[in-house]
Protein chains: 4
Amino acid sequence: MKAARLYDYDPKMNVQLKIEEVKAPTITAPDEVIVRVGAAGLCRTDLHIIEGVWKPTMDPEGTLLPYIMGHENAGWVEEIGSGVRSVKRGDAVICHPFRSCGICLNCRHGEDMYCDNGQFPGLGMNGGFAEYFITSERSLIKLNANVTPIEVAPLADAGITAYRAAKRAAKLLRPGSYCVLLGIGGLGHIALQSLHAISGCRIIAVDREPAARVLAKDLGADFILDGGPNVIEEVSQITGGGAHVVIDFVGELGVENICWKMVRKGGQLFVVGYGGNINVPTAHLVIEEINIGGSLVGNFTELVELMELNADGKVKMHYTEYNLASINTALDDFKNRRFTGRGVIVP
Amino acid sequence: MKAARLYDYDPKMNVQLKIEEVKAPTITAPDEVIVRVGAAGLCRTDLHIIEGVWKPTMDPEGTLLPYIMGHENAGWVEEIGSGVRSVKRGDAVICHPFRSCGICLNCRHGEDMYCDNGQFPGLGMNGGFAEYFITSERSLIKLNANVTPIEVAPLADAGITAYRAAKRAAKLLRPGSYCVLLGIGGLGHIALQSLHAISGCRIIAVDREPAARVLAKDLGADFILDGGPNVIEEVSQITGGGAHVVIDFVGELGVENICWKMVRKGGQLFVVGYGGNINVPTAHLVIEEINIGGSLVGNFTELVELMELNADGKVKMHYTEYNLASINTALDDFKNRRFTGRGVIVP
Amino acid sequence: MKAARLYDYDPKMNVQLKIEEVKAPTITAPDEVIVRVGAAGLCRTDLHIIEGVWKPTMDPEGTLLPYIMGHENAGWVEEIGSGVRSVKRGDAVICHPFRSCGICLNCRHGEDMYCDNGQFPGLGMNGGFAEYFITSERSLIKLNANVTPIEVAPLADAGITAYRAAKRAAKLLRPGSYCVLLGIGGLGHIALQSLHAISGCRIIAVDREPAARVLAKDLGADFILDGGPNVIEEVSQITGGGAHVVIDFVGELGVENICWKMVRKGGQLFVVGYGGNINVPTAHLVIEEINIGGSLVGNFTELVELMELNADGKVKMHYTEYNLASINTALDDFKNRRFTGRGVIVP
Amino acid sequence: MKAARLYDYDPKMNVQLKIEEVKAPTITAPDEVIVRVGAAGLCRTDLHIIEGVWKPTMDPEGTLLPYIMGHENAGWVEEIGSGVRSVKRGDAVICHPFRSCGICLNCRHGEDMYCDNGQFPGLGMNGGFAEYFITSERSLIKLNANVTPIEVAPLADAGITAYRAAKRAAKLLRPGSYCVLLGIGGLGHIALQSLHAISGCRIIAVDREPAARVLAKDLGADFILDGGPNVIEEVSQITGGGAHVVIDFVGELGVENICWKMVRKGGQLFVVGYGGNINVPTAHLVIEEINIGGSLVGNFTELVELMELNADGKVKMHYTEYNLASINTALDDFKNRRFTGRGVIVP
Ligand SMILES: [Zn+2]
Ligand SMILES: [Zn+2]
Ligand SMILES: [Zn+2]
Ligand SMILES: [Zn+2]
Ligand SMILES: [Zn+2]
Ligand SMILES: [Zn+2]
Ligand SMILES: [Zn+2]
Ligand SMILES: [Zn+2]
Ligand SMILES: [Zn+2]
Ligand SMILES: [Zn+2]
């Protein structure tokens, strides 16, 4: 099959994926499924992989390369293992990015991302920048009728990360409450739509990019700010003393220490983007009684819910399409922010 | 002041309220507030009062009549007691129907309707079918700018009853879940809008009246049923085995024993309307693991939330206006279903 | 292997299980596990099976008999299927009674008992009144060190049914709240210990049997009642107006319609026992705003939690031991209440 | 009346309170209550007041001194305002430390400590190191029979701070989960007892003081650590990868940055003590998906619950008694840790 493979890590990202013919994957366990890739989302994590950020975790022995990235996949079932019952050849599916075991206690609590025995196609093993890739039955959700893989592939990772944060936020928000979203990019624009769908709160969208602010407005944000130096004061004015919830999709460049100052007494900051360090006085935490918590990729049931919102027309992914042969252009455009929303590779 | 007073109970409701001049109320305690009535909603409870249904509870000694009904009130603050700090003369307000004490443990838990020492203007004491009525500071919510009393008065009781049920439902509903609303009248149409605002679920609206079904469609119900003899089977088909939540705004005439049969394994029936008896095998409760629970008038904070949804344009009350002099016509039209939505009296 | 098999249904239960030599089970799927039975609890469900109550559900074609009952099993792993990773031969285990699929949405939400594709050893297929029985990897929990199968087998079903109800109750109970337990038998005595362990509420134990009341006292119930004709009034006196939660382990013989009258405004009745019909006015449900809900067998994670409480010495099963050859005596003693706590069969 | 008054702030705390005769307080509003002080707890906050830490907040104009500290009060109602209904002269009461308004939205949500219009006797106004002090009806809880003020006074502030954290923790803990308590002093020993009463988790108590570790053992901690340099590793060993919840009663001296490293994937750190700064990589927050949140003084309903646990014998305050004339000795002993548990002043 055709695939794009990474041959070298490079902190400066001056590498090209090689488009080449490789052996297609084969079933080796009863719960495995081969998926014919319909579309695979490009993710900031892919850039980090190329930079070598994930090498210590995913490739400690240095034996992984060359390999195929791509962890935001949707397509059609090509072949199933002997124990698979819930899908059959030809079914259109989206793939939760993590192959969880279903047996460990974390899996039993539904927290697939905490699985003690998980595998991550596209990170520690071959992924979806190819014609086929292999995953397990537990990762698959059948697409609703009339939904095609390319419309939804990035929901598999970017989408559920945003949705999980939005869902956790919604539990804390009442009508009349305010939620700040920092960063209306690939994740933020999904969080915005999700919040509107599942919560009656008011949304304050913050982004330094004019194009992102236009998108936020189109998607119905109640207030839109440009994230200038007065942003804390602006949020305080709008909210009468601070937001009930702030979701930070940036998590670095100083944003991480602006965010907790926007939170109202008793409120919550969810940190989704990362890179920086939060430095907060315990006295502030206690007297304001605020919470600061990380939020990870969503679990399987959250992907199910997001697909339902998508099927109902309530959450849509904005994307730009590239074919597999152009993946290096796509990566280049991504690094240089030449497209809005999400880039998607079609083999 | 002018007021409409009830002089007799009559199971057949062949009574006329007398429009007459009576003494205006005066402040007798530091927390009291006199409200100039802007609008007062007509409620099925008013019909029940006339029938004598509430006499044993609210008028056991038979000393209440003649008195002024009207418990869904909004207007302007006319005069405040010496201890009142949060409102001042001229403020536009909506009035939570129950005067709670703020001291008992139920009040401290925010459950105003469970208050050990509450009073109910319009039931056990004079209410708002008059130019003025008296309530307490704890009952008042200032209206958002640009909101007028007549647009919102029935939210004070009908509205929060519907909203409370919708809010309890929303906690149990995920995207992709189904909620059945039985009865799209004064309460049901508020529940429908509330659910849309705070939950990503799918809504199945059921009503025997064509006009109510048209309203349900206008308000965005996902499925609309006429409540015929196959309704349980129709719900089962749409939902793939039963609804996650059913809200019954009827509660009598046999509907009460259809509702629990629509509930899916692990699901919930909220009963808001009443009159009938539920008869359910314990084996069904256990094997299906369903819940059946009553839902009462909302508390103060729920009225605050509903007013925020209203201010944001997400929930609107449909109403027909009558002036106080025509209140007997209004009651007659109500009994004979000559208007849709809610009837509102303006003094 | 030796096994006790049922050959006939009989509403009067005048049947004897046959102790006979049968073929031991063999692995036929990669996730299967053969367990050498250490102990198998006797359950009221076994009596119901003999009576034929479960025939329409579990044996609609009439092809099941002769078969081996026994669904409350603990023992040692004897043999594992090719895909099993989490246990190995020799491990001491307790077996969740339901073989859930791990794939359907209910399983993904952790609600094993709602599984769309489940199997029930001891009901619709051979169970544990034998030397060996077959189940699946997903059903198994390794025993903590120093715990033996006989001490815990009935926790696998009776235990988690009681624990699930206690856990749901605990979420609704604060220090100073009251919980009524009706029936301090095999389930009730586990619920009592569980509630003490996980909640700071006060417990009112009700049982008509003096021996059960003694047990309740030993286990630390705060109040003990004999369930006589004044029980509603007695509960109202103790609680100052009704219990916050009532758990009914009887569910028939009129108890089911006493229970909801003991519930305080805003409170909850959990129905665990069954057989009778609840008949309640919707007006009572609404005005008192009470909830009535069934409670089923606990899921896998609840069995994990109960085993932890057991390992910590906080919950212990009271039982009487019988060997497999005496199983008909055990059934007879059970029918005639000749033992307290739970009967356990040892092959 | 006799009172101990503070005349000067001093960062070195070289000041003596003056025991002198001052005018007793008088009722000036309908909701006020004068309490004859039975006992008043000494608090670290009192030391901070003397140091001047609270001057910017509570005494910005510098007009407060001389004044009477003491915010952990219990005693007997001496006189009530005209609007007070729930207590009468002679009632034994404990006093929630904050006089909340009961009207603002925060009060309506039951979060008394967030009240927009609150007052804090013993901080910004005279408190309980005197024969009498003045508070409001909303602050009072009647003592259960047989409970005397001296046994419970510090529960009014130290107690509910610990209880609130324990209650928030309990919501996150299952049987088999681990909770670390750092600091088994005045607050920690209440948290330990509270957790045991309301949760089935396992408790790891950490304290550098041998006497505190002995107390932890007496109160039933499951594991006891001395907080040496290997404490993170020790906790990881016991818990198999980190605690589900950590409660930090220290919050300074470096402890604050040890605590979040003890938290397991998906777990929570509650910060109660303060003084230091938390410095945490956003990457750690996200990948481990942990939460870090401050926890404040409990609200009124939490004090009610704690008093119920106390009445049931499940939570007891350890204290040392001083009479009012010896208050400077008490302060000195407190600064030099000459007593364990809590110091209590009796006028
Ligand atoms: Zn990604
Ligand atoms: Zn797993
Ligand atoms: Zn009404
Ligand atoms: Zn009626
Ligand atoms: Zn009250
Ligand atoms: Zn059983
Ligand atoms: Zn399943
Ligand atoms: Zn204090
Ligand atoms: Zn200090
Ligand atoms: Zn307040």
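Counting restarts for each chain, with residues numbered from 1 along the sequence as it is written. Each chain takes a letter, starting from A, and each ligand takes a number, starting from 1, following the order in which they are written. Residues qualify for local features only when their pLDDT is at least 70, as the model is predicted, and side-chain atom pairs are given and counted only at 80 or more; totals for whole chains, interfaces and linings, by contrast, use all residues. To get the side-chain values, all heavy atoms of the structure are used, and hydrogens and water are removed first.

For clarity, the cut-off: UniProt positions are given in the numbering used here, feature names are shortened, and annotations may be inferred rather than shown by experiment.
In the annotation of an unreviewed UniProt entry, the entry for chain A reads alcohol dehydrogenase, and the organism field reads Mesorhizobium helmanticense. Under the heading Cofactor (unreviewed entry), UniProt records this for chain A: "Zn(2+)". The Sequence similarities (unreviewed entry) comment attached to chain A in UniProt states, word for word, "Belongs to the zinc-containing alcohol dehydrogenase family."

## Examining the coordination of the zinc ion (ligand 5)
Residue and element names in this part refer to chain B. This is how it is decided: Each metal's donors are the N, O and S atoms found within 2.8 Å of it, except that Na, K and Ca use a 3.2 Å limit; water is left out, so coordination can look incomplete. Under the classification used here, a metal with four donors is tetrahedral if each angle lies between 85 and 135 degrees, square planar if opposite donors are over 155 degrees apart and the others between 65 and 115, a six-donor metal meeting that same test is octahedral, and anything else is irregular.
Looking at the metal site, the zinc ion (ligand 5) is ligated by Cys101 (SG), Cys104 (SG), Cys107 (SG) and Cys115 (SG), spaced 2.3 to 2.4 Å from it. Bound by 4 donor atoms, the zinc ion (ligand 5) shows angles of 102 to 118° at the metal and therefore tetrahedral coordination geometry. Mapped onto the polypeptide sequence, the residues donating to the zinc ion (ligand 5) form the spacing pattern C-x2-C-x2-C-x7-C.

## Side note on the sheet that holds strand β11 (residues 243-248) of chain C
Heads up, the condition is: A pair of strands is treated as paired once DSSP finds two or more bridges between them. Helix numbers and strand numbers start at the N terminus; a helix is a DSSP run of H or I with at least 4 residues, a strand a run of E with at least 2. In this analysis, axes come from line fits to C-alpha atoms, helices being fitted only over the stretch in contact, and the angle between any two N-to-C directions falls in the range 0 to 180 degrees.
The 12 strands lie next to each other as β11(B)-β10(B)-β9(B)-β12(B)-β13(B)-β15(B)-β14(C)-β12(C)-β11(C)-β8(C)-β9(C)-β10(C), forming an open sheet whose pairing is mixed. Two strands in the sheet have a free side with no partner beyond their single neighbour: β11 (223-225) of chain B together with β10 (223-225) of chain C. Neighbouring strand axes in the sheet, compared pairwise and without regard to direction, differ in orientation by 15° on average. Pairing between strand β9 (residues 178-182) of chain B and strand β12 (residues 243-248) of chain B: 4 bridges, direction parallel.

## What to know about the packing of aromatic side chains
Each aromatic ring pair is characterised by the separation of its centres together with the angle its planes make. Formally: Centres within 6.5 Å make a pair out of two Phe, Tyr or Trp rings, where for Trp the six-membered ring is used; the pair is then stacked when the planes are under 30 degrees apart, edge-to-face when over 60, and tilted otherwise. The cut-offs for exposure are 20% and 50% of the maximum accessible area for each residue type, with area from a 1.4 Å probe on protein chains only; residues under the lower value are buried, those over the upper are exposed, and the others partly exposed. A positively charged side chain is recorded as over a ring if its NZ (Lys) or CZ (Arg) lies within 6 Å of the ring centre. The angle to the ring normal must also be within 35 degrees.
Evaluation of the coordinates by the stated rule reveals 16 aromatic pairs over all chains. Relative to Phe120 of chain B, the ring of Phe98 of chain B has its centre 5.3 Å away and its plane inclined at 75°; by these criteria the two rings are edge-to-face. One end of the pair, Phe98 of chain B, is in the loop between β6 (92-95) and α3 (105-108); the other, Phe120 of chain B, is in the loop between α3 and β7 (132-136), with 22 residues separating them in the sequence. For the residue pair Phe98 of chain B and Phe120 of chain B, the accessibility class agrees, reading buried in each case. By the ring-pair criterion, three or more aromatic residues cluster together here, those being Tyr322, Phe334 and Phe339 of chain A. Over the ring of Trp260 of chain D we find Lys261 of chain D, and its NZ or CZ is 5.0 Å from the ring centre.

## Some thoughts on the sheet that holds strand β14 (residues 291-294) of chain A
The 12 strands are arranged β10(A)-β9(A)-β8(A)-β11(A)-β12(A)-β14(A)-β14(D)-β12(D)-β11(D)-β8(D)-β9(D)-β10(D) in an open sheet whose pairing can be described as mixed. Every interior strand has two partners, whereas the edge strands, β10 (223-225) of chain A together with β10 (223-225) of chain D, have only one. Adjacent strand axes in the sheet meet at a mean angle of 15° when their direction is disregarded. In terms of strand pairing, strand β9 (residues 202-206) of chain D meets β10 of chain D through 3 bridges, oriented parallel. Bridged to Val206 of chain D within β10 of chain D is Leu225 of chain D.

## Thoughts on the relation of the copies chain B and chain D
Rules: Least-squares fitting of one copy onto the other uses the C-alpha atoms of those residues that reach a pLDDT of at least 70 in both copies. Between two residues, a contact is recorded if the distance between any of their heavy atoms is within 4.5 Å.
For the pair chain B and chain D, the relating rotation is 180°, the translation along its axis is 0.0 Å, and the fit reaches an RMSD of 0.0 Å. The superposition operator between the copies reduces to a two-fold rotation axis. When the interface residues of chain B are mapped onto chain D, 100% of them are again interface residues, pointing to one common binding face.

## Some remarks on the state of the cysteines
Heads up, the rule is: Two cysteine sulfur atoms make up a disulfide if the distance between them is within 2.5 Å.
Going through the model one piece at a time under the given rule, you end up with 0 disulfides over all chains. Unpaired in this structure, Cys95 of chain C has its nearest cysteine sulfur neighbour in Cys43 of chain C, at a distance of 15 Å.

## Focus: the packing of helix α5 (residues 158-170) of chain A against helix α11 (residues 300-311) of chain A
All names here are of chain A. What counts here: Roughly parallel means an angle under 35 degrees; roughly antiparallel means over 145; roughly perpendicular covers 65 to 115; every other angle is labelled oblique. Only Asp, Glu, Lys and Arg are considered charged in this grouping, and only Ala, Val, Leu, Ile, Met, Phe, Trp, Tyr, Cys and Pro are considered nonpolar; every other residue, Gly among them, is considered polar.
Contact geometry of α5 with α11 gives a least axis separation of 9 Å together with a crossing angle of 95°. On the basis of their axis angle, the class for α5 and α11 is roughly perpendicular. Together, Gly159, Ile160, Tyr163, Arg164 and Lys167 of α5 and Glu302, Leu303, Glu305, Leu306 and Leu309 of α11 make up the contact between the two elements. Of the residues that constitute the contact of α5 with α11, the class distribution is 5 nonpolar, 1 polar and 4 charged.

## Observations regarding the pairing of strand β3 (residues 32-41) of chain B
Residues and elements named next belong to chain B. Along β3, 9 of the 10 residues are buried, which leaves the element largely enclosed by surrounding structure. With 5 bridges joining them, β3 and β7 adopt antiparallel strand pairing. Residue pairing across strands places Val35 opposite Phe133, the latter belonging to β7. By the bridge criterion, 7 bridges tie β3 to strand β5 (residues 73-80) in an arrangement that is antiparallel. Among the inter-strand pairings, Val35 is bridged to a residue of β5, identified as Val77. The sheet contact formed by β3 and strand β17 (residues 342-346) spans 2 bridges and is antiparallel. If you follow Gly41 over to β17, its bridge partner there is Val344.

## Some words on the interface of chain B and chain D
Just so we agree on the cut-off: Two parts lose some accessible area (1.4 Å probe) when they are put together, and adding that loss for both gives the buried area. Only one rule defines a salt bridge in this text: a Lys or Arg side-chain nitrogen within 4 Å of an Asp or Glu carboxyl oxygen. Polar contact is defined as a pair of N or O atoms within 3.5 Å, subject to the rule that within protein one atom must be able to donate a hydrogen and the other to accept it, and that residues adjacent in sequence are counted only when both atoms are side-chain atoms.
Between chain B and chain D, the residue contacts involve 16 residues of the former and 16 residues of the latter. Of all residues in chain B, the largest losses of buried area upon contact with chain D belong to Ile103, Arg108 and Arg138 of chain B, amounting jointly to 48% of the total for that side. Linking Arg108 of chain D and Asp112 of chain B is a salt bridge whose minimum nitrogen-to-oxygen distance equals 3.2 Å. In this structure, the connection of chain B to chain D is made through 6 residue pairs in polar contact (both at pLDDT 80 or more). Contributing elements (two or more residues each) for the side of chain B that touches chain D: α3 and α11 (300-311) of chain B. Here the element with the most residues in the side of chain B that touches chain D is α11 of chain B; it accounts for 4 residues. For the side of chain B that touches chain D, a count of residues per class yields 5 nonpolar, 6 polar and 5 charged.

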